[in-house]
Amino acid sequence: MFQLITDSCCDLPAERLAELDVAYIPMVVALEGKEYTDDMGQSFDTDWFLAKLKEHAQPTTSQINVGRYMEYFRPYVDAGTPILYLGFSSGMSGSFQSAVQAVALLKEEYETVNISLIDTKSASLGEGLLVAEAAKRKAAGASLLEVSQWVEEHKMQVDSWVTVDDLKQLERGGRISKTAAAIGGLLNVKPIITVDVDGKLRNVDKVRGRNKSIQNIVDHTVANLHATQTRTVYIANAGDDEAADKVIASLREKIPDVDIYHYPLGPTISSHTGYGCLAVFSFGTSRVASA
């Protein structure tokens, strides 16, 4: 038997990961001079953090370094337990490369290191969708190789549609210019964002008004929904539960047989998207090309 491992950017709650028998390595968020562990809601005060984001607080995040990966993987190597790690997109963070380096260093120490790493090229519940599907296949008796091959074959079908309400966070992260943020705020412009084939965020459209942006990400999801893959949709939001409810209602109207999972956007991801971010994830037919 092997151990499935992910990181806290998958945004699945700790309870759900425990049900799926998935271990995780946490990210760290810094705010107002203190560091907080993104432990999937076990002790992290999500309501406090959302309130801070609503006040335009400026949290920072740091990638998982090589040493932390080595420390996390080592007990499994000592026990001879194979690992399949599904990691946060390398297009958005250097963490996955740190995992690669950690495995290389462990192989210098140990005669046998059975660790397989997969760059999901996804974030938040897009990554979580792959983790959940991998866990289901493991529970059904699939081998590490079989699960790994399935994830590699299907990861580029993960469809991600995102809109944000707080342009200041995108400006601070360098996603848009200060001028664009100022004009967008005045005109009530909301960006439509997806994840491209390189696992990077891409601004693909902009609409005026919150309701139009909500409908836009629903329409994209429905139009691109894969005909034969699971019709499961994951929704993440950073506050503004009313907007999330609108997404859910619209999806249920357009896809009556849809199976919806709705979880809060984790602090690592929402640090970069700001309060009011909405994201919808599913299996789709294609991703947009890289920039």
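In what follows, the accompanying structure is described.

**Observations concerning the overall build of the chain**
- Helix and strand counts for the chain stand at 11 helices and 13 strands.
- For the chain, the C-alpha radius of gyration of 19 Å lies close to 19 Å, the compact-globule estimate for 291 residues.
- Projecting the C-alpha coordinates of the chain onto the three principal axes gives extents of approximately 60 × 45 × 35 Å.
- For the chain, with 291 residues in total, the buried portion stands at 55%.
- Of the contacts formed within the chain by residues at least 6 apart in sequence, a portion of 76% connects residues at least 24 apart.
- When the accessible surface of the chain is split by element, carbon and sulfur atoms take 49% of a total near 12800 Å².
- Separation between the mean location of the 28 positive side-chain charges and that of the 38 negative ones in the chain comes to 7 Å.

**A closer look at the state of the cysteines**
- Within this structure, the stated rule accounts for 0 disulfides.
- Cysteine Cys 10 is unpaired, with the sulfur of Cys 9 as its nearest cysteine sulfur at 8.3 Å.

**A word on the environment of Asp 196**
- Mapped onto the elements of the fold, Asp 196 is located in the loop between strand S9 (189-195) and strand S10 (201-208).
- According to the relative accessible area criterion, Asp 196 is buried, its value standing at 2%.
- Residues Asp 196 and Ser 286, spaced 90 residues apart in sequence, show a C-alpha to C-alpha distance of 9.4 Å.

**Remarks on the pattern of salt bridges**
- For the coordinates displayed, the defined rule picks out 12 salt bridges.
- Here Asp 240 ties to Arg 210 by a salt bridge, and the two come within 2.9 Å at their closest N and O atoms. Separated by 30 residues along the polypeptide, Asp 240 in the loop between strand S11 (232-237) and helix H10 (241-254) and Arg 210 in helix H9 (residues 210-224) bring together distant segments of the chain.
- The exposure class assigned to Asp 240 is partly exposed, which follows from its relative accessible area of 24%.
- The class for Arg 210 is buried, based on a relative accessible area of 14%.
- Notably, a salt bridge pairs Asp 257 with Arg 231, separated by 3.2 Å at the nearest N-O pair. Of the two residues, Asp 257 is situated in the loop between H10 and strand S12 (259-264) and Arg 231 in the loop between H9 and S11; the sequence distance between them amounts to 26 residues.
- You can call Asp 257 exposed: its relative accessible area is 51%.

Analysis parameters
Residues numbered from 1 in each chain as written. Predicted model: local features only at pLDDT ≥ 70, side-chain atom pairs only at ≥ 80, totals over all residues. Heavy atoms only, no water. Helix = DSSP H or I, 4+ residues; strand = E, 2+ residues; numbered from the N terminus. Rg over C-alpha atoms; globule rule 2.2 N^0.38 Å. Buried < 20%, exposed > 50% of the residue type's maximum accessible area, 1.4 Å probe, protein only. Contact = heavy atoms within 4.5 Å. Areas by Shrake-Rupley, 256 points an atom, 1.4 Å probe, with all protein chains shown as cover. Lys, Arg positive; Asp, Glu negative; His and termini not counted. Charge placed at Lys NZ, Arg CZ, Asp CG, Glu CD. Disulfide = S-S within 2.5 Å. Salt bridge = Lys/Arg side-chain N within 4 Å of Asp/Glu carboxyl O.

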